[in-house]
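Examination of the molecular architecture
Take a look at the letters that make up each chain.
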Amino acid sequence: MDLGKLLIEPLLLSYVQRAIVAALLIGAVCGLIGTYLVSRSMAFLSIALTQAIFPGVVIALLLYAGFLVGAVVAGLLTVIGVGLYSRRTHGRWEMAIAVLVAGAFALGVLLFSRLPTYRSDLEAVLVGNILSISLNALVLISILAGLTVAVLFTFYKELLLVSFDRTLAVSQGWPVYWLDRLLLVALAATVIISLGALGTIFVVPLILIPSATARLWVGHFWSAMLLGCFLGALSDLAGLYLAYYLNAPSGATIVLLASAIFLVSFVVSPRRGLLAGRFRS
Amino acid sequence: MSTLGSSLAEQRLLKGASVLCRELMVAFGNEIALSAVTFGVEPGQLVAIIGPKGAGKSTLLKAMVGVVPLTGGAIEIDRKPASQMRCDIAYVSRQVRIDWSLPISVTDVVMMGRYRCLGWLGRPGVEDYHKTDLAIELLGLTHVRNRWIGDLSIGQQQRLLLARALAQEPRVLLIDEPFSGVDLASRIAILEILSDQHQIGRTILLVTDDLSYAAHCDLVLLLDRELIHVGIPDEVFRPGVLSEAYDGRMFLLKGRR
């Protein structure tokens, strides 16, 4: 089997070319933002976002509008909703989110059952189909990804501070409330751009897994961020090829590969791996 | 003098800042944690804040840096409002209050101390890495600088928080119980650092249960939700004064000096 041929052949197809660009962007952004999602509440929040965006996407499909339009609208509403609600309840995010998510997802499921059965569309919503990303979608993804990356790099130390040591952030006088919102918006943007490739079910795993893998290899935050970014893009790219050749949902193949890389790292890593522990003792 | 101290002294006249608190009041809903607390600290003084449990000692420090909102009163650092002087105050919280399971390295944490002074778009430069390394060295943490904070012992954790505060090069240092739960080696290291910093001229306010340490400070603040007494140790360590705060919860053993 000629590996070169296997790699090059699909590249001749325009939809694969689009998929590759999308894969690199989405993987990179997911890997990047994953490094900030260290607290339990942030991990919960990312799951909640995907579930709250779900009805938006379904509504968009019902109205024959773009998949992404629904995602963006629902994403915005969720971010604003969480923001407004948590102000009144003195920052008790978890409660706000649990309420929103339960209702929104239920609505989504209800509407879902009303959708005429366009099989590939339905599947894509849940498990992703990176090979069906249109040019318009790609443009939107590129813009959002670019903005998100710009924000994460510009404010990396402020967001780092707010994620890892809120008390210090407050004592240093940073506008913690707005930084939280900023991270939330970046997270929402990440979920939105990743939906097409990964589907509702697999967005959060791809956000969390590459950065978790990165932390098995490096200790410093900056290095973990870059490595997470790289691993995310790698998983996406490899997953794309796998989806192409197996004719399988891309969300599944991507996350499968990301998990595999994690597992290998978990065992092998000189820093934190299982084997390393054995050698040390 | 320590390496960090001498390099800092070279750069600018490191003078501790004065601290003035006027009629401070902190209330959580109906509960009043602190009321009518008024005192002044001269630049370079080492101040011990003592008092029984629940006296509001930690709350006082937190209010000074804005972690806890002030219900009333004002705080001035060098005669300017504390909110404008964030870069010059460093706060070291009790190590039990931090989430140590986070995947972040010792160097990362110490560098965070310098963030405020870097400003919004500032990036850590060579100078910042140098100062961070110095602070880490000063607290004896160089051998663990690349480890995750979760791998540290309690003593190392407390030293880490102190290193972070020192990396900020503050003119006022606020420390909440630097000695609680730390092993002997760390305690000695911390005592040495505090003494160094005092010599350099930093203003230090620390909350402590250790009355024998408080007896060696320049000023003692005796707190029990309100200011019972503030003065030199000799003034405060008198049975009449102490019992007002500790209220029969202590025994005074008179020894000879």
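Everything below is about the structure shown above.
Residues numbered from 1 in each chain as written. Chains lettered and ligands numbered in written order. Predicted model: local features only at pLDDT ≥ 70, side-chain atom pairs only at ≥ 80, totals over all residues.

**What about the overall build of chain A?**
Stated formally: The way it works is that DSSP assigns letters per residue, a run of H or I at least four long becomes a helix, a run of E at least two long becomes a strand, and they are numbered from the N terminus. Two things to know: the radius of gyration comes from C-alpha atoms, and the globule rule equals 2.2 Å times the number of residues to the power 0.38. Put simply, a residue is buried when 20 or more other C-beta atoms lie within 10 Å of its own C-beta and exposed when 12 or fewer do; between those, it is partly exposed, and each C-beta is set from the backbone. The contact rule is simple: place each C-beta atom from the backbone, and if two of them lie within 7 Å, those residues are in contact.
On a plain count of helices and strands, chain A comes out with 13 helices and 0 strands. Helices and strands in chain A line up, N terminus first, as α-α-α-α-α-α-α-α-α-α-α-α-α. Over its C-alpha atoms chain A spans a radius of gyration of 19 Å, differing by no more than 12% from the 19 Å that the globule rule assigns to 281 residues. For chain A, the residues scored as buried account for 48% of the 281 residues in total. By sequence separation, contacts in chain A at least 24 residues apart represent 71% of the contacts at least 6 residues apart.

**Some points on the overall build of chain B**
When helices and strands are tallied, chain B shows 10 helices and 10 strands. Relative to a compact globule of 257 residues, whose C-alpha radius of gyration would be 18 Å, chain B shows 18 Å and is just as compact. Projected onto its principal axes, the C-alpha positions of chain B cover 55 × 40 × 35 Å. In chain B, of all internal contacts separated by at least 6 residues, the share reaching a separation of at least 24 is 72%.

**Some thoughts on helix H10 (residues 176-217) of chain A**
For the α-helix, the turn length of 3.6 residues means that residues three or four positions removed from each other point alike. Stated formally: Residue count minus one, scaled by 1.5 Å, sets the expected span of a helix. Fitting one axis to the seven residues ending at a residue and another to the seven starting there, the bend at that residue is the angle between the two axes.
Its 42 residues give H10(A) an end-to-end C-alpha distance of only 30 Å, which falls more than 12% under 62 Å, the value for a rise of 1.5 Å per residue. Bending of H10(A) peaks at approximately 115° at the position of Leu198(A).

**Side note on the interface of chain B and chain A**
On the chain A side, the residues contacting the 21 residues of chain B number 16 residues. At the level of elements, helix H3 (106-112) and helix H4 (115-118) of chain B are the ones that each hand at least two residues to the side of chain B that touches chain A. Looking at which element gives the most residues to the side of chain B that touches chain A, the answer is H3(B), with 3 residues.

**Quick notes on the sheet that holds strand E1 (residues 19-28) of chain B**
Residues and elements named next belong to chain B. The criterion, for reference: Paired strands are those between which DSSP finds at least two bridges. Each axis is a line fitted through C-alpha atoms, and for a helix only the stretch in contact is used; angles between axes span 0 to 180 degrees, taken between their N-to-C directions.
An order of E2-E1-E4-E5 is seen for the 4 strands of this open sheet, with the pairing classed as antiparallel. Pairing within the sheet leaves two strands with one partner each, and these edge strands are strand E2 (31-41) and strand E5 (80-81). When E1 meets E2, the two strands line up antiparallel, connected through 7 bridges. Following the sheet pairing, Cys21 is matched in E2 by Phe39. Its contacts with the sheet put helix H2 (residues 57-65) on E1, E2 and strand E4 (72-77), and the angle it makes with E2 is roughly 70°.

**Re the environment of Leu61(B)**
Following the sequence through the fold, Leu61(B) ends up in helix H2. Along the sequence, Leu61(B) and Leu223(B) sit 162 residues apart, while their C-alpha atoms lie 12 Å from each other.

**As for the pairing of strand E9 (residues 219-223) of chain B**
All names here are of chain B. Most of E9 sits out of view: 5 of its 5 residues are buried. By the alternation rule, side chains of E9 split into Leu219, Leu221 and Leu223 and Val220 and Leu222, which are all buried. As judged from the 4 bridges shared by strand E3 (residues 46-50) and E9, these two strands associate in the parallel manner. Following the sheet pairing, Ala48 is matched in E9 by Val220. Across 4 bridges, the pairing between E9 and strand E10 (residues 227-231) is antiparallel. If you follow Leu223 over to E10, its bridge partner there is Leu227. Hairpin connection of E9 to E10: 3 residues between the antiparallel strands, including Arg225 at a positive phi of 70°.

**Re the pairing of E4(B)**
Regular strands show a simple pattern: their side chains alternate between the two faces of the sheet. Residues and elements named next belong to chain B. Bridge count for E1 against E4 is 5 bridges, and the pairing is antiparallel. Within the sheet, the bridge partner assigned to Val19 lies in E4 and is Ile77. Summarising the sheet, E4 and E5 pair through 2 bridges and their orientation is antiparallel. When the sheet's bridge partners are listed, Ile77 is paired in E5 with Lys80. Count of turn residues in the E4/E5 antiparallel hairpin: 2 residues, of which Asp78 carries a positive phi of about 55°.

**Structural notes on the packing of helix H11 (residues 221-246) of chain A against helix H12 (residues 250-268) of chain A**
The angle between the axes and the distance between the axes are what describe a pair of packed helices. All names here are of chain A. Inclusion rule: Roughly parallel here means an angle under 35 degrees, roughly antiparallel means over 145, roughly perpendicular means 65 to 115, and every remaining angle is called oblique. Helix crossings are classified by the rotation of the near helix relative to the far one: an anticlockwise turn of less than a right angle makes the crossing left-handed, while a clockwise turn makes it right-handed. When residues are grouped by polarity, Ala, Val, Leu, Ile, Met, Phe, Trp, Tyr, Cys and Pro land in nonpolar, Asp, Glu, Lys and Arg in charged, and all others, Gly among them, in polar.
Two elements in contact, H11 and H12, have axes whose closest approach is 7 Å; the angle formed by their N-to-C orientations is 130°. Looking at the two axes, H11 sits oblique to H12. Considering only the axes of H11 and H12, their crossing is right-handed. Side by side, H11 and H12 meet where Leu231, Ser235, Asp236, Ala238, Gly239, Leu240, Leu242, Ala243 and Leu246 of the first sit next to Ser250, Thr253, Ile254, Leu257, Ala258 and Ile261 of the second. When grouped by side-chain class, the residues that make up the contact of H11 with H12 number 10 nonpolar, 4 polar and 1 charged.

**Some remarks on the sheet that holds strand E8 (residues 203-207) of chain B**
Residues and elements named next belong to chain B. Here we have 6 strands laid out as an open sheet, ordered E6-E7-E8-E3-E9-E10, and mixed in their pairing. Looking at strand neighbours, the two that pair on one side only are strand E6 (89-92) and E10, the edges of this open sheet. Put simply, the sheet's adjacent strands are angled 15° from each other on average, direction ignored. Both E3 and E8 contribute to a ladder of 4 bridges, which runs parallel. Paired with Leu46 across the two strands is Ile204, which belongs to E8. Here H2 sits on the sheet and contacts E3, E6, strand E7 (172-176), E8 and E9; the angle it forms with E7, its principal contact strand, is near 145°.

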